Amino acid sequence: MSVVTLLLVEDDPIFSEIVAAHLRKEGLEVVCAQDVAGGLRLFSELPIDLVLADVNLPDGLGHDMVRRMKARRDCAAIYVTQRGESDDRILGLSQGDDYIVKPADLRELTARVRAVLRRYQRGRVDRVIEIADWTLDIVRRELADAEGAILRLTRAEFDLVAALAQSGSVPLGREYLVEVIASAEATKNMRTVDVLISRIRRKLAAAGPSAPRIVTVHAQGYQLVRTEG
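The structure presented is a predicted model; accordingly, all values stated were derived computationally and were not measured.

A. Up close: the overall build of the protein chain. Across its full length, the protein chain holds eight helices and 13 strands. Across the 229 residues that make up the protein chain, the buried fraction comes to 47%. Accessible surface, the protein chain as shown: approximately 11600 Å² in total, 51% of it carbon and sulfur.

B. How the structure looks around unusual backbone geometry. Of the consecutive residues K102 and P103, the connecting peptide bond is found in the cis state with omega at -5°. Residue position: P103 is located in the loop between β7 (98-101) and α5 (106-123). Despite not being glycine, A219 shows a phi value in the positive range, around 65°. With respect to the helices and strands, the residue A219 is situated in the loop between β12 (213-217) and β13 (221-225). On the basis of relative accessible area, A219 is assigned to the exposed category, the value being 75%.

C. Region of interest: the layout of surface pockets. Taken as a whole, the second largest pocket spans an internal volume of roughly 160 Å³. In terms of lining, the second largest pocket is formed by S44, E45, L46, P47, R72, R73, E142, I150 and R152. A breakdown of the residues in the lining of the second largest pocket according to their chemical character gives three nonpolar, one polar and five charged.

D. Expanded view of the nonpolar core. The biggest cluster of nonpolar side chains holds 28 residues, and the ones touching the most others in it are I131, L136, L143, L160, L177 and I214. Sorting the residues of this core by element identifies β8 (128-131), β9 (134-137), α6 (155-166), α7 (174-180), α8 (190-206) and β13 as the ones contributing at least two each. In terms of residue count, α6 provides more of this core than any other element does, eight residues in total. Dropping the residues within four chain positions of it, L136 is found in contact with R127, V128, I129, I131, E142, L143, F158, V161, A162 and A165.

E. Expanded view of the sheet that holds β9. Spatially, the four strands line up as an open sheet ordered β8-β9-β10-β11, and their pairing is antiparallel. This sheet does not close on itself; its edge strands, each paired only once, are β8 and β11 (150-151). Packing of α6 onto the sheet brings it into contact with β8, β9 and β10 (142-144), and relative to β9 it is tilted by some 110°.

F. Representation of the packing of α6 against α8. Running from N to C, α6 and α8 point in directions that differ by 85°, and their axes come no closer than 10 Å. With respect to their mutual orientation, α6 and α8 come out roughly perpendicular. Of the residues in α8, those in contact with A156, E157, L160, V161 and L164 of α6 are V193, L196, I197, R199, I200 and K203. Partitioning the contact of α6 with α8 into residue classes produces eight nonpolar, no polar and three charged.

G. Structural detail: α8. Compared with the 24 Å implied by 1.5 Å per residue over 17 residues, the 25 Å span of α8 between its first and last C-alpha is a close match. Residues of α8 that are buried: T192, V193, L196, I197, I200 and L204. Looking down the long axis of α8, one finds its buried residues gathered within 130° of arc, a one-sided arrangement. Every exposed residue of α8 that faces more than 90 degrees away from the buried side is listed here: R191, R202 and A206.

Reading the values: rules and limits
Residues numbered from 1 in each chain as written. Predicted model: local features only at pLDDT ≥ 70, side-chain atom pairs only at ≥ 80, totals over all residues. Heavy atoms only, no water. Helix = DSSP H or I, 4+ residues; strand = E, 2+ residues; numbered from the N terminus. Buried < 20%, exposed > 50% of the residue type's maximum accessible area, 1.4 Å probe, protein only. Areas by Shrake-Rupley, 256 points an atom, 1.4 Å probe, with all protein chains shown as cover. 1 Å grid on protein atoms, 1.4 Å probe; cavity = no way out; pocket = protein on both sides within 12 Å on 5 of 7 lines; lining within 4 Å. Points joined across faces, edges and corners; volume = space filled by probe spheres on them. Nonpolar A, V, L, I, M, F, W, Y, C, P; charged D, E, K, R; others polar. Core = buried A, V, L, I, M, F, W, Y, C linked by side-chain atoms within 4.5 Å. Contact = heavy atoms within 4.5 Å. Pairing = 2+ DSSP bridges. Axes fitted to C-alpha atoms, helices over the stretch in contact; angles between N-to-C directions. Parallel < 35°, antiparallel > 145°, perpendicular 65-115°, else oblique. Expected span 1.5 Å × (residues − 1). Arc of directions from axis to C-beta.

Put into structure tokens, the structure is as follows:
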């Protein structure tokens, strides 16, 4: 399964260290930032599943930061803040998945993090395809191995892999795959599909024996198959 990664954006270094250490002890992957700029940078670089955000940050508001993150891609969000007034809670819950007022009990915080992650994971069922130990996230456009390492694919390469994964055991013909890449490749023809398939195969082979493979089915097209690493 993919590693679940949390992003904690908190300008109090002591509180941040305490919360991060506790969550890591609970088996969760945590990265930390102290301001909006740092949070956005880490969010753009890493596959963040859940954001724990303070509302008042040195260079802006946590609400605005989370809004910008969600505009980029799907993620869960919990606000952890000293602002406990009713209006603040309503605003936070309208933009996030939970709202925790400091000082936060670490056990309660962990339980609420796990509850949000469970709801979030249930919502991901239709968007995530399991390919043996690998996962294909349609929304995030990421193909990752069992350790969560992401295989870098171009837009057209990902579109082809996603189409093959969604077709299951049904091979897809080159004519259909030409249409799949129509919006991603300026030059779209049978040869383009063959070139892309060749590039994807090289990347999958380099990723190791557990990576899925694309096979050619005679007179039918291409099929994505799982391998047992």
